Amino acid sequence: MKILITVCDFFINNFINLFVFLINLFIWRDKKVLLFGGWFGEKFADNSRFLFEFLSENRKKYNLKKVIWITRNKNVYNTVSSLGYDVLLANSFKSYYYHLKSGVHFICNNSSFHGQKKDIVTVLSFGAKKVQLWHGVGIKSCGRLNKKNPNSFLTLLYYNFVNRFGQPGMWGFCYYLVTSEENKRVAIEDFAALEKRVIIAQYPRLISSYKLTPNEKNIIDKLIFEKKKKKIILFVPTFRANNSNYISPQSINGFVSFLSINSFLWVQKKHSADKNLVFLNDQNENILELSPDFDVNLLYDIVDLVITDYSSASSDAIYKDKLTLEYCPDFDYYKSLDRGFVCDFQKYHVFEPVTDYTKLFQSIVLRFQNHPKDYKNHLITKKFLFGSKAWNMDDVYNKIKEVARI
């Protein structure tokens, strides 16, 4: 059945591509009209958001006619509109027109996963320059490398032919933003990105931000206030196919008293794709739970320690020169039976993972007692994941323009 669905999608998508090509004979695409979307059209977040904000604020500088955010969520529409930016609901007539008119489409997550919403209306992307900004430099595999037989004939056929030529809007030929030679390797091996279309630069979310929503401002103001008297720990675990081998920190005996004794503020956010993990929030003054839709990229400059597992949040924290701790009580299971890794775990992390849940509290305390040798490992890991060049937003966009010939 799955093969039949894939074959049907292949022909349907290519029929729509031909239809869009014919429409573009009358509605010519304009590279000065840019379209952005992210996270299934449900969030205003991540690399798409930060580059969108930068170009919206610098539209005249780059001689752009329009910079438009596309969303499927009415609340996101209202939020982006209130910030003074151009925004359209994905399935509106005006949105369809600008999908066809725009010469450059940017996303940071989904262009083709069957049965899931796309970041924008990707079936209308044929003929536009397409840039996949993606959303992480993490150890977990998300594509071909998490298959049981990643080098089998059928897997390679799917990723190098079916997935390339059969994606809606021909997103299989998109340009792919990465942060280093290592990240480039992963993009090619895991997602079948075309080497000549890989852009080595920096993630916009790691460089700057322009405007905050009222809710974001409230959260950040609260953390800045709490930081005067507490150490702030950001806990952001990734999603799992199976949570049975995972022991949540909140379920460990003495968790609440541990936070109180050490004056820690525990800020936690569940991954938006996680359908199983339940936080045990005691509504304690030392615990703050964020909505799964909150953009944690806004918090790295404020927090003192980032606790995660196989998530790209660890890499982001390393880039921001923050302390990290990988809490991985299901390490062997995740490596072998869940998503698996794209590389040796230690190359992506400064410290060894904490696999014994009984040692978590001790490890947190020790992590704040930083040593010079740890800082050396930090620099090595940071260079491996992000290179050594210092990027600004102008550099990033100009690099995208150069490689994608925008």
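Now for a look at the structure at hand.

1. Some details on the overall build of the protein
Phase 1 of the analysis: When you go through the protein residue by residue, the secondary structure sums to 13 helices and 12 strands.
Phase 2 of the analysis: For a compact globule of 406 residues, the expected C-alpha radius of gyration is about 22 Å, and the protein comes in at 22 Å, within 12% of that figure.
Phase 3 of the analysis: Across its three principal directions, the C-alpha atoms of the protein cover 70 × 50 × 40 Å.
Phase 4 of the analysis: Within the protein, contacts between residues separated by at least 24 positions form 72% of all contacts whose residues are at least 6 apart in sequence.
Phase 5 of the analysis: As presented, the protein carries roughly 18,700 Å² of accessible surface, and 55% of it is formed by carbon and sulfur atoms.
Phase 6 of the analysis: Charge-centre separation for the protein: the mean point of 56 positive side chains lies 7 Å from the mean point of 38 negative side chains.

2. Regarding the environment of N163
Phase 1 of the analysis: By secondary structure assignment, the location of N163 is in helix α5 (residues 153-165).
Phase 2 of the analysis: Given the relative accessible area of 13%, N163 is considered buried.
Phase 3 of the analysis: Each C-alpha atom of the pair N163 and A192 lies 8.7 Å from the other, and the pair is 29 residues apart in sequence.
Phase 4 of the analysis: Setting aside anything within four residues of it in sequence, one finds N163 in contact with S112, Y158 and G172.

3. Details of the layout of surface pockets
Phase 1 of the analysis: Considering only enclosed or pocket space, the second largest pocket measures out at about 320 Å³ in volume.
Phase 2 of the analysis: What lines the second largest pocket is a set of 16 residues, and nearest its centre among them are F44, V76, T79, E216 and D293.
Phase 3 of the analysis: Looking at the lining of the second largest pocket element by element, the count peaks at 3 residues for helix α3 (residues 74-82).
Phase 4 of the analysis: Residue classes in the lining of the second largest pocket are distributed as 4 nonpolar, 6 polar and 6 charged.

4. Side note on helix α2 (residues 46-57)
Phase 1 of the analysis: The terminal C-alpha atoms of α2, which comprises 12 residues, lie 17 Å apart, in line with the 16 Å expected from a rise of 1.5 Å per residue.
Phase 2 of the analysis: Burial analysis of α2 places 11 of its 12 residues in the buried class, which makes it a mostly covered element.
Phase 3 of the analysis: Where α2 is concerned, the buried positions are D46, N47, S48, R49, F50, L51, F52, E53, F54, L55 and S56.

5. Brief notes about the packing of aromatic side chains
Phase 1 of the analysis: Under the criterion given, the structure shown has 30 aromatic pairs.
Phase 2 of the analysis: Note on F52 and Y85: the rings are 5.3 Å apart at their centroids and 75 degrees apart in plane angle, and the pair reads as edge-to-face. Here F52, found in helix α2, pairs with Y85, found in the loop between α3 and β3 (86-89); they are 33 residues apart in sequence, far enough to count as distant.
Phase 3 of the analysis: What makes F52 buried here is its relative accessible area of 0%.
Phase 4 of the analysis: Residue Y85 is classed as buried on the basis of its relative accessible area of 8%.
Phase 5 of the analysis: Here the aromatic residues F235, F255, F258, F264, W266, F361 and F368 are joined through ring pairs into a cluster of three or more.
Phase 6 of the analysis: Across from the ring centre of F50, 5.7 Å away, lies the NZ or CZ of R49, which sits over that ring.
Phase 7 of the analysis: Its end group placed over the ring of Y175, R197 keeps NZ or CZ at 4.8 Å from the ring centre.

6. Observations regarding the pairing of strand β5 (residues 129-132)
Phase 1 of the analysis: Inspection of the sheet shows strand β4 (residues 102-107) paired to β5 by 4 bridges, in the parallel sense. Its bridge partner being in β5, F106 is matched across the sheet by V131.
Phase 2 of the analysis: As judged from the 2 bridges shared by β5 and strand β6 (residues 175-178), these two strands associate in the parallel manner. Across the sheet, the residue bridging to Q132 is Y176, located in β6.
Phase 3 of the analysis: Note that the unit made of β5, α5 and β6 has a crossover that is right-handed.

7. Let's talk about the side chain of S111
Phase 1 of the analysis: As for its placement among the helices and strands, S111 is situated in the loop between β4 and β5.
Phase 2 of the analysis: A polar side-chain atom of S111 sits 2.9 Å from a polar atom in the side chain of Q167.
Phase 3 of the analysis: Residues contacting S111, with those up to four places away along its chain left out, are K118, T122, Q167, P168 and W171.

8. Observations concerning the sheet that holds strand β12 (residues 323-326)
Phase 1 of the analysis: With parallel pairing, 5 strands are arranged side by side in an open sheet as β10-β9-β8-β11-β12. Of all the strands in the sheet, the pair left with one neighbour each is β10 (287-290) and β12. Averaged over all pairs of adjacent strands, the angle between their axes in this sheet comes to 20 degrees, without regard to strand direction.
Phase 2 of the analysis: Contacts from helix α8 (residues 255-262) reach β9 (264-269) and β10, with the element oriented near 130 degrees to β9.
Phase 3 of the analysis: Lying over the sheet, helix α11 (residues 360-367) contacts β8 (231-235), β9, β11 (305-308) and β12, oriented at roughly 160 degrees with respect to β12.

9. Notes on the pattern of salt bridges
Phase 1 of the analysis: Following the criterion strictly, the structure yields 21 salt bridges and no others.
Phase 2 of the analysis: Taking the shortest distance from any N to any O, the salt bridge between E42 and K117 comes out at 2.8 Å. In this pair, E42 sits in the loop between β1 (30-36) and α2 while K117 sits in the loop between β4 and β5, placing the two residues 75 residues apart along the sequence.
Phase 3 of the analysis: Judged by its relative accessible area of 24%, E42 falls in the partly exposed class.
Phase 4 of the analysis: On the basis of relative accessible area, K117 is assigned to the partly exposed category, the value being 47%.

10. So, a nonpolar patch on the surface
Phase 1 of the analysis: Together, L18, F21, L22, L25 and F26 give the surface a local cluster of nonpolar side chains, amounting to about 560 Å² of exposed area.
Phase 2 of the analysis: Mapping L18 onto the fold places it in helix α1 (residues 2-23).
Phase 3 of the analysis: Among the residues examined, L18 registers a relative accessible area of 49% and is labelled partly exposed.

Thresholds applied
- Residues numbered from 1 in each chain as written.
- Predicted model: local features only at pLDDT ≥ 70, side-chain atom pairs only at ≥ 80, totals over all residues.
- Heavy atoms only, no water.
- Helix = DSSP H or I, 4+ residues; strand = E, 2+ residues; numbered from the N terminus.
- Rg over C-alpha atoms; globule rule 2.2 N^0.38 Å.
- Contact = heavy atoms within 4.5 Å.
- Areas by Shrake-Rupley, 256 points an atom, 1.4 Å probe, with all protein chains shown as cover.
- Lys, Arg positive; Asp, Glu negative; His and termini not counted.
- Charge placed at Lys NZ, Arg CZ, Asp CG, Glu CD.
- Buried < 20%, exposed > 50% of the residue type's maximum accessible area, 1.4 Å probe, protein only.
- 1 Å grid on protein atoms, 1.4 Å probe; cavity = no way out; pocket = protein on both sides within 12 Å on 5 of 7 lines; lining within 4 Å.
- Points joined across faces, edges and corners; volume = space filled by probe spheres on them.
- Nonpolar A, V, L, I, M, F, W, Y, C, P; charged D, E, K, R; others polar.
- Expected span 1.5 Å × (residues − 1).
- Phe/Tyr/Trp six-rings, centres within 6.5 Å; stacked < 30°, edge-to-face > 60°.
- Lys NZ or Arg CZ within 6 Å of the ring centre and 35° of its normal.
- Pairing = 2+ DSSP bridges.
- Right-handed = clockwise from strand over helix to strand, strands pointing away.
- Polar contact = N/O pair within 3.5 Å; in protein donor to acceptor, adjacent residues only side chain to side chain.
- Axes fitted to C-alpha atoms, helices over the stretch in contact; angles between N-to-C directions.
- Salt bridge = Lys/Arg side-chain N within 4 Å of Asp/Glu carboxyl O.
- Patch = residues over 30% accessible without salt bridge, like charges linked within 9 Å, V, L, I, M, F, W, Y side chains within 5 Å.

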